[in-house]
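Tertiary structure, described
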Amino acid sequence: MDLPQLPGKIGIFDSGYGGLTIFRKIRSLLPQYDYLYLGDNARAPYGVRSFDVVYEFTRQAVLSLFREGCHLVILACNTASAKALRSIQQIDLPQWDVNRRLLGIIRPTIETIDSYTDSKHVGLLGTVGTVRSGSYEIEIGKLFPDLKITSEACPMWVPLVENNEFDKPGADYFVEKHIHALLARDPEIDALVLACTHYPMLLPKIRRYTPDHISIVEQGDLVAYSLKDYLLRHPEIEKKCTKGGSMLFYTTEAEDKFEEMASFFWDEPKEIRRIQLT
């Protein structure tokens, strides 16, 4: 495949808006780079879709970012990381360009998870798709086989965020319900992983219903520092990432809709363009 070879922006992809919580942390830590964020907002959420559909949608988005000149793309989406990352890395990258890189956010999230727990009992809150995939259990099992993982799917949490209800009283019921259900299944949990990029928006309520002794593990900072480390360890990729400090946002939704929703996550001026993925 004939892809642009000149240095380009770092690509960041999410099915919806939650990936902005990851992007915000990345840009705060690494402001010197140029970034191209793509949200497949018209087809979100991915969490309830099948593996095949998530793979196909994610594949289209990643290829679009590569065609825009990105040499490195971050899947700032737990569902895409769980259901599509490995397939694209193993099947598609060798056909597209072996020098392109695609990274997910599950591995960076759990690389230091053992440092958050004394009891060795870890809870995980995620979308239905992420929980059903078992990806976190698989990755944690590879690194820390002595940890016990208990997962809880929270199907209403993303709609609460994307409908701007995350700070309203009605959200308390759903947050309390799932945290209590998780802790009832394993009272020894002392670390809680927020395995969805939307969930930081619910953090005040999550903290309200989580006992003080339980550490809450957010993804944003962990992913940002992991990317910084990756670029230091891979200068051959780093030199292909342009450094102008710019941001450009692509969405499959209307630009005004994206701007309205994105402001909940990141209140900063944005250059937004609508695209179509095929």
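The shown structure was predicted, so the numbers you read here are calculated from the model rather than taken from an experiment.

Observations regarding the overall build of the protein
Within the protein, the secondary structure is distributed over 13 helices and 10 strands. Taken over the C-alpha trace, the protein has a radius of gyration of 18 Å; the compact-globule value for 278 residues is 19 Å, and the two agree within 12%. With the C-alpha coordinates of the protein rotated into their principal frame, the extents come out at 55 × 40 × 35 Å. Put simply, the protein has 278 residues, and 57% of those count as buried. Restricting the contact set of the protein to residue pairs at least 6 apart, pairs at least 24 apart contribute 80%.

Let's talk about the sheet that holds strand β5 (residues 121-126)
As summarised here, the arrangement of the 4 strands in space is β6-β5-β7-β8, forming an open sheet in which the pairing is parallel. Edge strands, defined here as strands with exactly one partner in the open sheet, are β6 (148-153) and β8 (215-217). Adjacent strand axes in the sheet meet at a mean angle of 25 degrees, parallel and antiparallel pairs treated alike. Set on the sheet, helix α9 (residues 170-185) makes contact with β5, β6 and β7 (191-194); between it and β6 the angle comes to about 150 degrees.

Description of the sheet that holds strand β1 (residues 10-14)
Pairing is parallel across the open sheet formed by 6 strands, whose spatial order is β4-β3-β1-β2-β9-β10. Sheet topology places β4 (101-103) and β10 (272-274) at the edges, where each strand pairs with a single neighbour. Each neighbouring strand pair of the sheet contributes to a mean axis angle of 20 degrees, computed without reference to strand direction. Across the face of the sheet, helix α1 (residues 19-29) comes into contact with β1, β2 (35-39) and β9 (247-251) while running at roughly 170 degrees to β2.

Focus: the side chain of K83
Considering the arrangement of structural elements, one finds K83 in helix α3 (residues 78-83). Of the side chains with opposite charge, D52 comes closest to the buried, unpaired K83, at an N-O distance of 9.7 Å. A polar side-chain atom of K83 sits 2.4 Å from the main-chain carbonyl oxygen of R49. In this structure K83 touches Y46, G47, R49, S50, F51, V54, Y55 and G129, once residues within four positions along its chain are discounted.

Considerations on the pairing of strand β3 (residues 72-75)
Both faces of the sheet carry side chains from a regular strand, because those side chains alternate between them. Neither face of β3 is exposed, since L72 and I74 on one face and V73 and L75 on the opposite face are all buried. As paired strands, β1 and β3 are joined by 4 bridges and run parallel to one another. In the strand pairing of β3, F13 is matched with L75. In this structure, β3 lies alongside β4, joined through 3 bridges in parallel fashion. Its bridge partner lying in β4, V73 is registered against L102.

What about the packing of helix α2 (residues 51-67) against helix α4 (residues 85-96)?
Viewed as axis vectors pointing N to C, α2 and α4 meet at an angle of 40 degrees, and their least axial separation amounts to 11 Å. The angle between α2 and α4 places the two elements in the oblique class. Note on packing geometry: the crossing formed by α2 with α4 is right-handed. Here Y55, T58, R59, V62, L63 and F66 of α2 lie close against α4, whose contacting residues are S87, I88, I91, D92, L93 and W96.

Quick look at the packing of aromatic side chains
In this structure the tally under the stated criterion is 15 aromatic pairs. Their ring planes at 50 degrees and their centres at 5.8 Å tell us that F23 and F249 sit as a pair that is tilted. Taken together, the positions of F23 in helix α1 and F249 in strand β9 put the pair 226 residues apart, joining distant regions of the chain. The same class applies to F23 and to F249, which are both buried. Here the aromatic rings of Y37 and F258 are separated by 6.5 Å at their centres, their planes lie at 50 degrees, and the arrangement is tilted.

What counts as what
Residues numbered from 1 in each chain as written. Predicted model: local features only at pLDDT ≥ 70, side-chain atom pairs only at ≥ 80, totals over all residues. Heavy atoms only, no water. Helix = DSSP H or I, 4+ residues; strand = E, 2+ residues; numbered from the N terminus. Rg over C-alpha atoms; globule rule 2.2 N^0.38 Å. Buried < 20%, exposed > 50% of the residue type's maximum accessible area, 1.4 Å probe, protein only. Contact = heavy atoms within 4.5 Å. Pairing = 2+ DSSP bridges. Axes fitted to C-alpha atoms, helices over the stretch in contact; angles between N-to-C directions. Lys, Arg positive; Asp, Glu negative; His and termini not counted. Salt bridge = Lys/Arg side-chain N within 4 Å of Asp/Glu carboxyl O. Polar contact = N/O pair within 3.5 Å; in protein donor to acceptor, adjacent residues only side chain to side chain. Parallel < 35°, antiparallel > 145°, perpendicular 65-115°, else oblique. Left-handed = near helix turned anticlockwise from the far one by under 90°. Phe/Tyr/Trp six-rings, centres within 6.5 Å; stacked < 30°, edge-to-face > 60°.

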